[in-house]
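Fold and geometry: a report
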Amino acid sequence: MSVIIEPSWHDKLASEFELPYFKSLIQFVKSEYKMHTCYPPGKQIFSAFDHTPFNMVKVVIIGQDPYHGHGQANGLCFSVADGIPHPPSLQNIFGELKNDLGVEIPHSGNLERWASQGVLLLNATLTVRAHTAGSHQRKGWEQFTDAVIHKLSSEREGLVFLLWGGYAKKKGAKVNGHKHKVLASGHPSPLSANRGYWFGNQHFSQTNEYLEQIGETPISW
C-alpha cells in the first residue's frame, strides 16, 4: 500500500503500512473523506511527520484528536491554520509559555515553526469528521501512533516527551524514561488549567534545559 509520508518515516513505518489493521484504517478514512467533510485536509493528514523527519525529532507532544471546526486542523496537534483564532487549549499553552519563558503570545496559532525545529506534534488520532469529536477514534489510528511512539522510544535517545493530561500520560506510559526525558502535567484545556493542573509546569524551560545539557540546540518557542 502506498502511503504518502516523509521518506524517513516511510522507511521506519513501512511494515506497519502492510498490517491488516492499517489497510482497514485507510479504507475507512477514504470512505469518510468521500462521504463527509473531514479534517485536516487530506494532504495534511501526515503533516506532523512531513515537517519533522525521524532523525530530526527532539521533542514529542502528544495530542488526542484533530480540531473538528472548519479550517482549524492542519495536521499538527494543538496547532491551527494561519488566521484562525486560538482555541482555548492553545491559548493556555501560549499563556504558560509567556509565564515560563517570557515569550509574547504570537498572532498565529500555526505551530509549524515548532515542528521545523524538531517538535513532533502528534495527535493520537490523525483524522476526524467535521463537528463530531472522537468520530475517528478506535479505527486504527491509535495503534499506528503507538507504533510511532515505540519507534522513537526504542531507536532514538535523548528526546523530550511532553505528556499533557491523562490521555497523553497513558499513551506515553511505555516511553523509556532511562533514555528520554518525560515531563507530565495536566492538560492545557480550561477544565484542567483552571483547576491548577497546567499553569506553572515550566515544561518549555525544562525542555530547553535538558536539550542544552545533552548538547542539542534548544527550541525557539
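The sections below set out a description of the structure shown in this document.

Reading the values: rules and limits
- Think of each chain on its own: its residues are numbered from 1, step by step along the sequence as written.
- Confidence filtering applies because this is a predicted model: local features only for residues at pLDDT of at least 70, side-chain atom pairs given and counted only at 80 or more, and all residues used for totals across whole chains, interfaces and linings.
- Excluding hydrogens and water, the side-chain values take into account all heavy atoms of the structure.
- Convention adopted: a line fitted to C-alpha atoms gives each axis, helices being fitted over their contacting stretch, and angles between N-to-C directions are expressed from 0 to 180 degrees.
- The way it works is that DSSP assigns letters per residue, a run of H or I at least four long becomes a helix, a run of E at least two long becomes a strand, and they are numbered from the N terminus.
- Roughly parallel means an angle under 35 degrees; roughly antiparallel means over 145; roughly perpendicular covers 65 to 115; every other angle is labelled oblique.
- Any two residues whose heavy atoms approach within 4.5 Å at even a single point are treated as in contact.
- Each residue is assigned to one class: nonpolar for Ala, Val, Leu, Ile, Met, Phe, Trp, Tyr, Cys and Pro, charged for Asp, Glu, Lys and Arg, and polar for all the others, Gly among them.
- The pairing criterion is simple: DSSP has to find at least two bridges between the two strands.
- Exposed residues in this analysis have more than 50% of their type's maximum accessible area, buried residues have under 20%, and partly exposed residues fall in between, with area computed by a 1.4 Å probe over protein chains only.
- Only buried residues count toward a nonpolar core, which is a set of Ala, Val, Leu, Ile, Met, Phe, Trp, Tyr and Cys residues joined through side-chain atoms within 4.5 Å.
- Throughout, a disulfide means two cysteine sulfur atoms within 2.5 Å of one another.
- A pair of aromatic rings is counted whenever rings of Phe, Tyr or Trp (Trp by its six-membered ring) have centres within 6.5 Å, and the orientation is called stacked for planes under 30 degrees apart, edge-to-face for over 60 and tilted otherwise.

Re the packing of helix 4 (residues 88-101) against helix 9 (residues 203-213)
Their axes nearest at 8 Å, the elements helix 4 and helix 9 cross at an angle of 60 degrees. In terms of their interaxial angle, helix 4 and helix 9 are classed as oblique. Across the interface between the two elements, Ile93, Glu96, Leu97, Asp100 and Leu101 from helix 4 touch His203, Phe204, Ser205 and Asn208 from helix 9. In terms of residue class, the contact of helix 4 with helix 9 is made up of four nonpolar, three polar and two charged.

Things to note about the sheet that holds strand 5 (residues 160-164)
Taken together, four strands build an open sheet; the order of strands is 3-2-5-6 and the sheet is parallel. On the outer flanks of this sheet lie strand 3 (119-123) and strand 6 (181-185), each paired with one strand and no other. Taking the axes of each pair of neighbouring strands and ignoring which way they run, one obtains an average angle of 20 degrees across the sheet. Lying on the sheet, helix 9 is in contact with strand 2 (59-63), strand 5 and strand 6; it crosses strand 5 at an angle near 165 degrees.

Points about the environment of Thr132
Along the chain, Thr132 turns up in the loop between strand 4 (128-129) and helix 6 (141-155). Note on Thr132: relative accessible area 34%, which makes it partly exposed. Distance in space between the C-alpha atoms of Thr132 and His68 is 6.5 Å, their sequence separation being 64 residues.

Structural notes on the nonpolar core
The biggest cluster of nonpolar side chains holds 62 residues, and the ones touching the most others in it are Trp9, Phe22, Phe46, Ile61, Trp114, Phe144 and Leu152. Those residues within four positions of Trp9 in sequence are excluded, and the remaining contacts are Phe49, Thr52, Pro53, Phe54, Val57, Leu120, Val148 and Leu152.

A closer look at the state of the cysteines
All told, the structure shown has zero disulfides when counted by the stated rule. Residue Cys77 stays outside any disulfide, its sulfur separated by 20 Å from that of Cys38, the closest cysteine.

Some remarks on the environment of Val60
Its place among the elements puts Val60 in strand 2. In sequence terms Val60 and Ala115 are 55 residues apart; their C-alpha atoms lie 9.7 Å from each other. Dropping the residues within four chain positions of it, Val60 is found in contact with Leu120, Leu152, Val160, Phe161 and Leu162.

Examining the packing of aromatic side chains
Inspection of the entire model under this criterion finds 18 aromatic pairs. Judged by centre distance (6.1 Å) and plane angle (55 degrees), the ring pair of Phe46 and Phe49 falls under tilted. Here Phe204 and Trp221 contribute two aromatic rings whose centre-to-centre distance is 4.9 Å and whose plane-to-plane angle is 75 degrees, an arrangement assigned as edge-to-face. Of this pair, Phe204 sits in helix 9 while Trp221 is found in the segment after helix 9, placing the two residues 17 residues apart along the sequence. Phe204 gets classed as buried once you look at its relative accessible area, which sits at 0%. Judged by its relative accessible area of 8%, Trp221 falls in the buried class. Of the aromatic side chains, those joined through ring pairs into one cluster are Trp9, Phe17, Tyr21, Phe22, Phe46, Phe49, Phe54, Trp141 and Phe144.

Examining the pairing of strand 5
In terms of burial, strand 5 is largely enclosed, as five of its five residues are buried. Neither face of strand 5 is open: one carries Val160, Leu162 and Trp164, the other Phe161 and Leu163, and all of them are buried. Here three bridges tie strand 2 to strand 5, and the two strands are oriented parallel to one another. Among the inter-strand pairings, Ile61 is bridged to a residue of strand 5, identified as Leu162. When strand 5 meets strand 6, the two strands line up parallel, connected through five bridges. Each residue of the ladder has a partner; that of Val160, found in strand 6, is Lys181.

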